[in-house]
Amino acid sequence: MMATAMTTSEGRLPVVLFWFRRDLRLDDNIGLEAALASGWPVVPVFVYDTDLLSKLEDAADRRVDWLHQCLSVLQTAFVDLGTSLVVYNGRVNEAFNGWLSRFDVKAVYTNRDYEPAALRRDEAVRQQLMAVGIPLHTFKDQVVAEPHEVLKADGSPYTVFTPYAKAWKSVVARITPERSRKASLTPTEWKTRLCPLAPEVLPSLEALGFKPTGVVYAPPVIDEARIAAYHQWRDMPSVEGTTRLGVHLRFGTVSVRRLVGLALRLNETWLNELIWREFFMSILYHFPKVEHGAFKPAYDAIAWCDDEAAFQRWCEGRTGFPLVDAGMRELNATGWMHNRVRMVVAGFLVKDLLIDWRWGETYFGNRLMDFDLAANNGNWQWAAGTGCDAVPYFRVFNPEQQRLRWDPQGLYVKRWVPEWGTSDYPAPMVDHAQARERALQVYKAALALR
Ligand SMILES: Cc1cc2nc3c(=O)[nH]c(=O)nc-3n(C[C@H](O)[C@H](O)[C@H](O)COP(=O)(O)OP(=O)(O)OC[C@H]3O[C@@H](n4cnc5c(N)ncnc54)[C@H](O)[C@@H]3O)c2cc1C
């Protein structure tokens, strides 16, 4: 059955809904393609979930601004195809109540999300729909291998990256694709499968309670040369050596299958980064307790310093350690920080200042454009030595040695800390050697309590 203006006896259009979440694209979108193949006219829907938005600290949130622009781009594409995004600003259950009374919904299609809160939300929607006899069909799209697909022989999850990555590679080599690759739909086929709707006005950023931030949405740029040379340049923060695709993976404006296909062909080091992403998703899925505490519970006994003034200096990039300060200023100014520098600033907060890794995790979580709960949490726990695949806690980064190694000419530091080397630049706020000793003692004392 193809899209027509047909209505039921109550005057409601019989349709299926495709619910966009972290998959804001039309190409290679598994759940959307399944909805389009359902035989019912498809209505694309999205919820600005106030349960999530109300937790954001700042009305000038770059992610919301970016998301808002991204939805406008999607809307333009849908309007060209003769339909409209239907967007609700509020709670998810209210959104569905509204849609179920507006349309004669035959089924809801969506791509799976693996974060604890998302799993709870989706289960509540499943129940809500089930109560009125409507199925919720979910699909693998956000990852190449889902958390339950890469398990040890005894069925338990991997907790160490290297064996996980080995198993991931062999699983991925034999996974039957969820569907065989079809040629993309022609515009006419899209039009006949989407529900004809007049364009709807999307909520403005202000109506959502947010302000413009200056961020400009741009579609993903996939630079094959950069991917091919990734292993040579990825640690040099002054060089554009990484792909900057994190924000697109976070919102699903790029297909991870496409990226993994490229990685398999072009660069194993970069493939491993994409596997780290799925590894941390798997850890959060199987061990949701990591959202609030150390993967290794003994590390929850560490006596952190609650030094708010020191934390503030770290946040503002005024520690007197140039690489740390450059990184924090880059994050504050752009919503992005180079991975090598993320490792250094995280290590500095936790080991040199002995501040709880969760403070840093939250600070990053409020600012990173590519913020992803699993990756942020996993990497912070890695830096703190509290995580599943942790380096031993007694390996402490020396921020000055890191600067000399990865930014020897100071190109990156000078870009973000122009006063470095002048009398305006602060002296180091701690003595690294003493701070390192203190951290080792405090960690040792916590572990002795086991
Ligand atoms: C303390 C700390 C916090 C971090 N928080 C996040 C976060 O919230 N979201 C996030 O996506 N990454 C996070 N990372 C990992 C990494 O720094 C970023 O993924 C990377 O810098 C993004 O740049 P890029 O898009 O150019 O990625 P590239 O270097 O080109 O890598 C491609 C993609 O692989 C994935 N990836 C790369 N490294 C990692 C990693 N170590 N762990 C998990 N996935 C990885 C990301 O999806 C990334 O976009 C964090 C790292 C640290 C040390």
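From a predicted model like this one, the values you see are computed outputs, not experimental measurements.

## Let's talk about the overall build of the protein
A count of helical and extended segments in the protein gives 20 helices and five strands. Its C-alpha atoms give the protein a radius of gyration of 24 Å, near enough to 22 Å, the size a compact globule of 450 residues would have. For the protein, the spread of C-alpha atoms along the three principal axes comes to 80 × 50 × 40 Å. Split into buried and exposed, the 450 residues of the protein put 39% on the buried side. Taking the contacts inside the protein whose residues are at least 6 apart along the sequence as the reference set, 77% of them involve residues at least 24 apart.

## Topic: the domain arrangement of the protein
Partitioning the protein into domains gives domain 1 (6-141), domain 2 (143-177 + 222-286) and domain 3 (291-444). Put simply, the middle of domain 1 and the middle of domain 3, counted by C-alpha atoms, are 38 Å apart. Taken together, the seven residues of domain 1 in the interface contact seven residues of domain 3. No other element matches the three residues that helix α3 (residues 62-80) contributes to the side of domain 1 that touches domain 3.

## Quick word on the sheet that holds strand β1 (residues 14-19)
If you trace the five strands from one edge of the open sheet to the other, you get β3-β2-β1-β4-β5, paired in parallel fashion. The sheet is open, and its two borders are formed by β3 (86-90) and β5 (136-139), each paired with just one other strand. If you compare each strand with its neighbour and ignore which way they point, the axes differ by 25° on average. Examined bridge by bridge, strand β4 (residues 104-111) and β5 share four bridges and lie parallel to one another. Note that in β5 the partner of Asn 111 across the bridge is Phe 139. The sheet strands contacting helix α4 (residues 92-102) are β1, β2 (42-49), β3 and β4, and the helix crosses β3 at an angle near 140°.

## Side note on helix α15 (residues 339-352)
The end-to-end C-alpha separation of α15 is 19 Å, in line with the 20 Å expected for 14 residues at 1.5 Å each. Burial within α15 is extensive, with twelve of its 14 residues counted as buried. For α15, every residue scored as buried is listed here: Arg 340, Val 341, Arg 342, Val 344, Val 345, Ala 346, Gly 347, Phe 348, Leu 349, Val 350, Lys 351 and Asp 352. Where α15 terminates, the next one or two residues include Leu 354, which has phi positive at roughly 55°.

## A look at the site of the ligand
Near the ligand you find 26 residues, and of these Thr 242, Thr 243, Gly 246, Asn 376 and Asn 379 are the closest. Counting only elements with at least two residues in the shell around the ligand, the list comes to α10 (246-251), α12 (268-286), α15 and α17 (373-384). Of the residues assigned to the shell around the ligand, the class counts are 13 nonpolar, six polar and seven charged. A domain split of the shell around the ligand shows at least three residues from each of domain 2 (143-177 + 222-286) and domain 3 (291-444).

## So, the packing of helix α11 (residues 256-266) against α12
With their axes 7 Å apart at the nearest point, α11 and α12 run at an angle of 145° to one another. Judged by the sense of rotation from one axis to the other, the crossing of α11 with α12 is left-handed. For the pair formed by α11 and α12, the contact residues are Leu 259, Val 260, Ala 263 and Leu 264 on the first element and Trp 270, Leu 271 and Leu 274 on the second.

## Thoughts on α3
With 19 residues, α3 extends 27 Å between its outermost C-alpha atoms, agreeing within 8% with the 27 Å of an ideal straight helix rising 1.5 Å per residue. Turning to α3, its buried residues number three or more, namely Arg 62, Arg 63, Val 64, Asp 65, Trp 66, Leu 67, Cys 70, Leu 71, Leu 74, Gln 75 and Phe 78. Looking at the packing, one finds that the buried side of α3 touches β2, α2 (50-53), β3 and α10. Positive phi appears at Gly 82, one or two residues downstream of α3, with a value of about 85°.

## Observations concerning the pairing of β2
Most of β2 sits inside the fold, with seven of its eight residues counted as buried. One ladder, built from four bridges, connects β1 with β2; its direction is parallel. Residue pairing in the sheet places Phe 18 in a bridge with Pro 44 of β2. In the sheet, β2 pairs with β3 via five bridges, with the strands oriented parallel. Counted as the bridge partner of Phe 46 is Val 87 from β3.

## A look at the packing of α12 against α17
Across the interface, α12 lies against α17 with an axial gap of 8 Å and an inter-helix angle of 90°. The orientation of α12 with respect to α17, classified from their angle, is roughly perpendicular. Along its contact with α12, which presents Arg 277, Phe 280, Met 281, Ile 283 and Leu 284, the element α17 presents Leu 373, Ala 374, Ala 375, Asn 377 and Gly 378. Of the residues contributing to the contact of α12 with α17, the split by class is seven nonpolar, two polar and one charged.

## Quick word on the nonpolar core
Generally speaking, nonpolar side chains in soluble globular proteins are found buried as a group. Counting residues in each nonpolar core, the largest one holds 65 residues, and the members touching the most others are Val 345 and Leu 349. When contributions to this core are tallied by element, the ones reaching two or more residues are α6 (161-174), α11, α12, α14 (322-334), α15, α17, α19 (411-416) and α20 (432-448). A per-element tally of this core places α12 first, with nine residues. Two domains each put at least three residues into this core: domain 2 (143-177 + 222-286) and domain 3 (291-444).

## Quick look at unusual backbone geometry
Although it is not a glycine, Arg 244 sits at a positive phi angle of roughly 60°. Inspection of the secondary structure assignment puts Arg 244 in the loop between α9 (230-233) and α10. Residue Arg 244 is classed as partly exposed on the basis of its C-beta count, with 15 C-beta atoms lying within 10 Å. Its identity as a non-glycine residue notwithstanding, Leu 354 has a phi of 55°, on the positive side. Structurally, Leu 354 is set in the loop between α15 and α16 (357-367).

Criteria and thresholds
Residues numbered from 1 in each chain as written. Predicted model: local features only at pLDDT ≥ 70, side-chain atom pairs only at ≥ 80, totals over all residues. Helix = DSSP H or I, 4+ residues; strand = E, 2+ residues; numbered from the N terminus. Rg over C-alpha atoms; globule rule 2.2 N^0.38 Å. Buried ≥ 20, exposed ≤ 12 C-beta atoms within 10 Å, placed from the backbone. Contact = placed C-beta atoms within 7 Å. Domains from an automatic or database assignment. Pairing = 2+ DSSP bridges. Axes fitted to C-alpha atoms, helices over the stretch in contact; angles between N-to-C directions. Expected span 1.5 Å × (residues − 1). Near = placed C-beta within 6 Å. Nonpolar A, V, L, I, M, F, W, Y, C, P; charged D, E, K, R; others polar. Left-handed = near helix turned anticlockwise from the far one by under 90°. Parallel < 35°, antiparallel > 145°, perpendicular 65-115°, else oblique. Core = buried A, V, L, I, M, F, W, Y, C linked by C-beta atoms within 7 Å.

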